[in-house]
Each structure stands twice: as C-alpha cells, then as structure tokens.
Amino acid sequence: MRFFEVLGQKGEYFLITLLGGWPTTVKVAAGALVFALIFGLVIALLRLSRWRAFRIPAIAYIEFFRGTPLLVQLFVIYFGLPDAGFEPTPLQAAIVGMGLNGSAYLAEIYRAGIEAIHRGQMEAALSLGMTPARAMRYIILPQAMRTMLPPITSFSIVMLKDTAVVSVIAAPEIMFYARNLVTETLQSAVIYCMAGALYLCMTVPMARLVARLERSRRAWQ
Amino acid sequence: MLELPKVYAEHIHIWLPELLSYVETTLRIAAVAFALAVVIGLAAALCRTSRSRILKTIAAIYVEVGRGLPIVVILYIVYFVPPQLFPGASWGWFNAFVGSVIGLGIHGGAILAEVFRSGIEALHSGQREAALSLGMTPAKAMAYIILPQAVRIVLPPVANYAIGLLKDTALCSLIGMNELMNDAKSIAFAEYQPMAVFVLAAAIYFAMSYPLSLVARHLEARLSFGR
C-alpha cells in the first residue's frame, strides 16, 4: 500500500520533524499544569470561603471557564489581548490560556476533595488552637490530597491532550509541525497518524498510572 | 478594553444575528455526534463486558486509543486520512460535517464506553443471576434488568459528556467546518475586532452550555437520592 511506502521513505524525516514540537508540547502542558495547580487552589479556597464577596467571583470564574470552549479562550487571550495593550507570545498565551482554563476544573477537584474531609477534622484542629489557615494547610489539605490525586492525574492527561489545540495560535508544538509537514509534502495520512501515535505514547502510560492510583486508593479506603 | 461597549453598541446588531444563525449548525453537529457516540459507546461497553476475548480486546484497544488521542488529532485523522488511503473511492459525500460528526463520535464513543461499562459493572451480579434463573436469556436480562438500572447511574456523567461535546464542536472549525467558531473567526479578522467578537462568541457558548450544566447538576442531585 502507498501508506507504507511513504512511511518507509519519509517516516524518519517526519518523525524527527514532529519530535521537534515535542518540547513545546511538554512545556505548555507542564507550565499550564503548574499554573492551574496553584491558581486552582486559590480559586477553590475562595469558592469555599465564608464570605460572599470571595465566593461569588470564584463561582463566576469557574462557571465561565468551564462553560466556554478552550479554543475561544485562547483566541481571546492571543488575538484579543493586543487590543488591550498586551502582546503575549504564542507560548505565553498557550500557557496562560490553558492554565486559566485548567484552574477552573482543578478548583472543582480541590473543592470536592476538601469537602470530602469530615468536618470534625477542621473542628478538632481549630479547638487545638490552630488558625483556620493553618488547619487547612496542615490538617485538611494533606488528607484531601489522597482522594484528589487520581482525578488530578487524569486531568493532567486532559491537559496534555488539549495542547494539540494551541497550534491554532501558532505555538510550535506537535500538531503545528504536523500541519506544516502536510503543507510541505501533502502526505496527510502518514503524518497525522504518526502525530497520533506520538500522543498515544504519552497519554496511554499516564492513563495506566491513573488506573493504578485509583486501585491503590480503593484498597486504602 | 475600554472601547468594548462602544464597539458593541455599533456592531452588535450585525454580529449577533449572524453568529446566532450558526448556533443551529453547532447544535446539529453536537446532536448527531452525541447520538453516534451513544451507539458506539454502548456497543463498545457491551463488547468489553462480554465473555469473548477478541471482542473484549478490540473494545479495550478502541477505548484506549479514543481516549488517548486529542480530539483535534482524531478530527484530522478522520477527515484527511481516509481520502488519501483510498483515493479511488468517491468521497463526494464526505464533507466537513460528516468528518466532524464521525470524529467527535469516535472520541465520545470511547468516553461513553467507560461510563456505560462502569454503570453495568456497578450493578450487583445477583441482578443478572436472578434474571437468568427466572428463565430470561442473557440478552433479555441485559435489556430489561441491567440496562434500565444502569441508566440511573450513567445519566449524570452522560450529561457532563454532552456539555463537553457542545464545547468541543468549536474544534470542528479546524477542519473547515463552517460553524459558530469559524464564523466568529471570519468576522473577527475581517473587522479587526478580535476581542469583541470572540468574547461575544464565548458568551453564546456559555448561554448554550450553562443551562445544560444546571440540568446535569439537577440530575446528579435527584438520581443520587436514596443511594
């Protein structure tokens, strides 16, 4: 078949070119994940606050970012922000856009994890004279971490896959190179299948890890 | 930034009706892809819970691949690869709409397969055994005993999937599907107003997905009652 002929002749060139986008894919995914892990926690704590003035903006944030497509958010940041005087590079726009988007999802994961911890834990910590912040930091969060780890890991898979979208704002990741290669050689069949295989090499092992975390969590409970 | 209200005051009466006219396309993609995903997902879930080794393996591979690939990549593979593999066949019917629906359907099928499987497996095996001991065939037991009970378990995650799907239709603009996002792009760049137009598009997506997410939350609260 023609497919395998092309794969044999050009496969190596395609693979090397596609791998050129791999560092950017990892950079965007890792950068956005770190951003979301930190900012998501801030949003979650605001969401759980006793004060409405904190809670309502957090709810609005979560609902907006979970209710609109990532693609639109990226476009607003990359094409829209220059109107307001900021000109982010594609990489910055990708990390900030995916990070802001991921924060909304992680905030909900954090919230579910924190709310799953029995109230008595907080009350006991407070009655021992801890401040609410200390109780959260030393008592609630470490325990919640155990239930949150599997969903956080599986969300990081989603993030890794979502990086394929940031090629639309010209961040030079795997799909960006794939599209360039197709324009150059017209071999869309081989190139897109190879790009797909590259993503699977990253996501399938991670999915295995999630399944293992889930099992060990269940065993622990 | 400060000019946004002014920009809207001048243009919204042209932009909004035009964008809204593409809502129908977006909803149609989502609806057909959803139906396809339910059919594929149900078939894959039944294969995975079946006793046949081959069916189980095929379904497991499908689920891994369908969930492991980014939607963008699936859309590109579905839309650009088959015509190149079989250039002899006639591809006239294979437009961006068909490609979008099949691509989203393949992705959704893999997600729903896992949802359905966990729904089926969550039921106590005694249910099936009782149905069989009453003389039902395995197929009848599945159709009348297992699935109706599993529906209750899977409805909330299915609703969540539907919300995700609605937003994912925006990705179909990448394979040239002329839907809401694509139209927003063409207005934004033709009028040099990316901020205003994309924020408007975001608002329209939000107006579609938010009611759905309220329904999903309601379902979750209702159906978890009593368990």
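Model, not experiment: these values are computed from the prediction.

In terms of regular secondary structure, chain A is built from nine helices and zero strands. Secondary structure of chain A in N-to-C order comes out as α-α-α-α-α-α-α-α-α. When its C-alpha atoms are laid out on the principal axes, chain A stretches across 70 × 50 × 25 Å. Scored against the burial criterion, the 221 residues of chain A give a buried share of 42%. Excluding contacts between residues fewer than 6 apart, the proportion of contacts in chain A whose partners are at least 24 apart in sequence is 75%.

Below, the discussion takes up the overall build of chain B. Across its full length, chain B holds nine helices and zero strands. Overall, chain B shows an N-to-C arrangement of helices and strands of α-α-α-α-α-α-α-α-α. Dimensions of chain B, computed from the C-alpha atoms along their principal axes, are close to 70 × 55 × 25 Å. In chain B, the proportion of contacts linking residues at least 24 apart, taken out of those at least 6 apart, comes to 78%.

Attention shifts here to the nonpolar core. Grouped together as the largest cluster of nonpolar side chains are 128 residues, with contacts concentrated most on Leu-74 and Ala-195 of chain A together with Val-73 and Ala-201 of chain B. Residues in contact with Ala-195 of chain A, not counting those within four places in the same chain, are Leu-18, Ile-174, Met-175 and Ala-178 of chain A together with Val-73 of chain B.

A few words on the interface of chain B and chain A. Listed per partner, the contact involves 32 residues of chain B and 31 residues of chain A. Of all the secondary-structure elements, those providing two or more residues to the side of chain B that touches chain A are α3 (53-68), α4 (71-85), α8 (180-191) and α9 (194-223) of chain B. The leading source of residues in the side of chain B that touches chain A is α9 of chain B, at 11 residues. The residue makeup of the side of chain B that touches chain A, split by class, is 25 nonpolar, four polar and three charged.

What follows covers the confidence of the model for chain A. Averaged over every residue, the pLDDT of chain A is 91; the share at 70 or more is 99%. For chain A, per-element mean pLDDT is lowest for helix α1 (residues 2-19) of chain A, which scores 87, and highest for helix α2 (residues 22-47) of chain A, which scores 95.

Residues and elements named next belong to chain B. Relative orientation of the contacting elements helix α6 (residues 125-133) and helix α7 (residues 138-168) amounts to 140°, with a least axis distance of 9 Å. Comparing their axes, α7 and α6 come out oblique. Where α6 crosses over α7, the two elements pack in a sense that is right-handed. Listed contacts from α7 to Gln-127, Arg-128, Ala-131 and Leu-132 of α6 are Pro-138, Ala-141, Ile-145, Ile-146 and Gln-149. Class assignment of the residues belonging to the contact of α6 with α7 gives a composition of six nonpolar, two polar and one charged.

Time to look at the environment of Pro-211 of chain B. In this structure, Pro-211 of chain B sits in helix α9. Sequence separation of Pro-211 of chain B and Ile-145 of chain B is 66 residues, and the distance between their C-alpha atoms is 32 Å.

All right, on to the packing of helix α2 (residues 23-49) of chain B against α7 of chain B then. All names here are of chain B. Where α2 contacts α7, the two axes come as close as 9 Å, and the packing angle between them is 135°. Between α2 and α7, the interaxial angle falls into the category oblique. In terms of crossing hand, the pair formed by α2 and α7 is right-handed. Contact residues: α2 offers Ala-30, Ala-33 and Phe-34, while α7 offers Ala-162, Leu-165 and Leu-166. Its residues placed into classes, the contact of α2 with α7 shows six nonpolar, no polar and no charged.

What counts, and where the lines are drawn
Residues numbered from 1 in each chain as written. Chains lettered and ligands numbered in written order. Predicted model: local features only at pLDDT ≥ 70, side-chain atom pairs only at ≥ 80, totals over all residues. Helix = DSSP H or I, 4+ residues; strand = E, 2+ residues; numbered from the N terminus. Buried ≥ 20, exposed ≤ 12 C-beta atoms within 10 Å, placed from the backbone. Contact = placed C-beta atoms within 7 Å. Core = buried A, V, L, I, M, F, W, Y, C linked by C-beta atoms within 7 Å. Nonpolar A, V, L, I, M, F, W, Y, C, P; charged D, E, K, R; others polar. pLDDT = per-residue confidence, 0-100. Axes fitted to C-alpha atoms, helices over the stretch in contact; angles between N-to-C directions. Parallel < 35°, antiparallel > 145°, perpendicular 65-115°, else oblique. Left-handed = near helix turned anticlockwise from the far one by under 90°.

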